[in-house]
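Fold and geometry: a report
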Amino acid sequence: MLEISNLVKRYGQDEPVLKGLDLAVDGNSVVAIVGASGAGKSTMLRCINRLVEPTSGSIRLNGTELVNLRHRDLRRARRKIGMVFQGFNLIDRLTVMENVLAGRLGYVSLFQAVSRRYPQEDIERAFVLMERVGIAHYANKRADELSGGERQRVGVVRALMQEPEVLLADEPTASLDPRTSEQIMVLLQSLASELSLPVLINIHNVAQARSYTDRIVGLRHGTMIFDGAPADFDKEALDAIYGGIESPEDEAIPPQAGPGKRESEVRHDST
Ligand SMILES: Nc1ncnc2c1ncn2[C@@H]1O[C@H](COP(=O)(O)OP(=O)(O)OP(=O)(O)O)[C@@H](O)[C@H]1O
Ligand SMILES: [Mg+2]
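What comes next is a walk through the structure. This one's a predicted model, so the numbers in the text were calculated from it and none came from an experiment.

Criteria and cut-off values
- For every chain, the first residue of its written sequence is number 1, and the numbers climb from 1 along that sequence.
- Each chain gets a letter, beginning with A, and each ligand a number, beginning with 1, in the order they are written.
- pLDDT decides what is reported in this predicted model: residues at 70 or higher carry local features, side-chain atom pairs at 80 or more are listed and counted, and totals for whole chains, interfaces and linings draw on all residues regardless.
- Each side-chain value is derived from all of the structure's non-hydrogen atoms; neither hydrogens nor water enter the calculation.
- Helix numbers and strand numbers start at the N terminus; a helix is a DSSP run of H or I with at least 4 residues, a strand a run of E with at least 2.
- With a 1.4 Å probe rolled over the protein chains alone, any residue whose accessible area is under 20% of its type maximum counts as buried; one over 50% counts as exposed, and the rest are partly exposed.
- By definition, residues are in contact when any of their heavy atoms lie within 4.5 Å.
- Note on areas: Shrake-Rupley, 1.4 Å probe, and residue coverage restricted to the protein chains presented here.
- Here, proximity means that at least one heavy atom of the residue falls within 4 Å of the molecule or strand.
- Any N or O atom pair separated by 3.5 Å or less is treated as a polar contact, with the protein-specific requirement of one donor-capable and one acceptor-capable atom, and with residues adjacent in sequence counted only for side-chain atom pairs.
- Remark: nonpolar core denotes a set of buried residues (Ala, Val, Leu, Ile, Met, Phe, Trp, Tyr, Cys) joined through side-chain atoms within 4.5 Å.
- Marked domain ranges trace back to an automatic or database domain assignment.
- Paired strands are those between which DSSP finds at least two bridges.
- Only the stretch in contact is used when fitting a helix axis, every axis being a line fitted to C-alpha atoms; angles between N-to-C directions are given from 0 to 180 degrees.
- Any carboxyl oxygen of Asp or Glu that lies within 4 Å of a side-chain nitrogen of Lys or Arg is treated as forming a salt bridge with it.
- Aromatic contacts are taken between Phe, Tyr and Trp rings whose centres are within 6.5 Å, Trp giving its six-membered ring; a plane angle under 30 degrees counts as stacked, one over 60 as edge-to-face, and the others as tilted.
- In our convention, an over-ring charge means Lys NZ or Arg CZ found within 6 Å of a ring centre and within 35 degrees of that ring's normal.

All right, on to the overall build of the chain then. A count of helical and extended segments in the chain gives nine helices and 10 strands. The buried share among the 271 residues of the chain stands at 50%. Nonlocal contacts in the chain, meaning residues at least 24 apart in sequence, comprise 69% of its contacts between residues at least 6 apart. Of the roughly 12500 Å² of accessible surface on the chain, 48% is carried by carbon and sulfur atoms.

See below:
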């Protein structure tokens with residue numbers, strides 16, 4: 001359970017970018033954070049993993065207050081927070097397995113890491129997760145030999161290797177083609193329920209947010225102006241969030257096709 005209350009972030013002396021956000025997210029629910037560019041979506045995710053220092057407010061993960069943690073306590077808390085990035089953030093010249101094992105860096109000693117002596121159980125877990133997302137056969141390939149969709153699967157597995165208690169994804173599909181994006185969204189949704197993991201996804205594609213998440217939170221200028229079910233995210237909500245300007249990727253909101261597609265219903269092309 002992630003509980004954010006009255007979160008404020010001000011960069012320098014500027015007007016606050018986050019103006020007192022409240023958000024509670026349970027395990028296994030996938031929340032889309034939508035909002036125009038500059039609304040504060042990335043700032044919010046970065047406050048959670050403390051890449052950005054919150055100005056005030058509280059962020060609790062399964063009861064632990066994350067704001068104000070320092071040094072060792074901060075490092076410990078951070079390993080419970082998995083992060084998935086738009087640009088994947090893999091180390092190109094390392095293999096898929098090495099990238100995945102990097103998710104254990106918060107747990108192993110420096111010696112184990114530099115000598116690449118990861119515990120056998122880490123390697124086994126890596127294979128299980130890689131198998132789960134369909135990249136096990138690439139374990140020894142260099143990361144830069146993979147397609148975007150495959151690279152993002154590596155990014156997801158690396159985050160899961162941390163045994164996270166929450167997964168944060170900042171525009172995880174923005175660099176991918178539409179079909180591959182859908183596959184990644186479906187994967188995140190399935191993993192959230194399999195692992196009882198709360199997942200927060202910053203996303204510009206409102207149609208995908210509606211199809212593949214359980215809840216949509218809309219930010220405008222650092223204030224939450226929508227928080228509800230995808231089915232209730234209508235034209236009015238869209239206008240309120242984007243100020244009457246259509247979101248870049250949505251000329252129109254397609255009708256909601258019931259709950260999002262399941263993973264088995266989305267074709268896994270080699271991407
Ligand atoms: N390190 C920083 N220093 C100063 N201002 C910043 C910093 N990072 C972000 N901002 C400002 O905070 C506001 C919110 O930025 P943020 O990146 O959180 O928006 P966003 O909703 O993620 O936008 P996008 O959709 O473009 O990714 C913007 O006005 C931005 O210029
Ligand atoms: Mg952003």
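Y11, V17, A36, S37, G38, A39, G40, K41, S42, T43, E171 and H204 make up every residue found near ligand 1. Contact distances for ligand 1 include 2.8 Å between an oxygen atom and a side-chain N or O atom of H204. Its free accessible area being 640 Å², ligand 1 has 59% of it covered by the protein chains.

For the rest of this paragraph, the subject is the nonpolar core. Residues V34, M130 and F233 are the most contacted members of the largest nonpolar core, which totals 53 residues. Lining this core are residues from two domains, each supplying at least three of them: domain 1 (1-80 + 166-172 + 198-249) and domain 2 (87-163). Discounting chain neighbours no more than four positions away, the residues touching M130 are V96, M97, V100, I135, A136, A139 and V157. If you look at the next biggest cluster of nonpolar residues, it comprises 29 residues, including I4, L23, A77 and V217.

Another point: the sheet that holds strand β4 (residues 56-61). Strand order in this open sheet of four strands is β2-β1-β4-β5, and the pairing throughout is antiparallel. Of all strands in the sheet, those bounded by a partner on one side alone are β2 (18-25) and β5 (64-65). Pairing geometry for strand β1 (residues 2-9) and β2, over six bridges, is antiparallel. What sits directly across from E3, in β2, is A24. Most of the contacts of helix α1 (residues 41-48) go to β1, to which it runs at about 120 degrees, and overall it touches β1, β2 and β4.

According to the stated counting rule, one finds 10 salt bridges in the structure shown. Among the ionic pairs, R50 bridges to E53, the shortest N-O distance being 3.0 Å. You can call E53 partly exposed: its relative accessible area is 38%. Its salt-bridge partner being D122, residue R104 comes within 3.3 Å of it at the nearest N-O pair. Within this pair, whereas R104 is found in the loop between α3 (96-101) and α4 (110-114), its partner D122 is found in helix α5 (residues 120-133), the two being separated by 18 residues in sequence. Per residue, the accessibility class of R104 equals that of D122, and both read buried.

Further remarks concern the sheet that holds strand β6 (residues 81-85). Reading across from one edge, β6-β7-β8-β3-β9-β10 is the order of the six strands in this open sheet, with mixed pairing throughout. Pairing within the sheet leaves two strands with one partner each, and these edge strands are β6 and β10 (223-228). Averaged over all pairs of adjacent strands, the angle between strand axes in this sheet comes to 20 degrees, irrespective of strand direction. Inspection of the sheet shows strand β3 (residues 30-34) paired to strand β8 (residues 199-202) by four bridges, in the parallel sense.

With that settled, the discussion passes to the packing of aromatic side chains. All chains considered together, the criterion is met by one aromatic pair. Arranged with centres 5.0 Å apart and planes meeting at 90 degrees, the rings of F226 and F233 form a pair that is edge-to-face. Given the relative accessible area of 14%, F226 is considered buried. Directly above the aromatic system of Y107 lies the positively charged group of R104, at a separation of 4.0 Å from the ring centroid.

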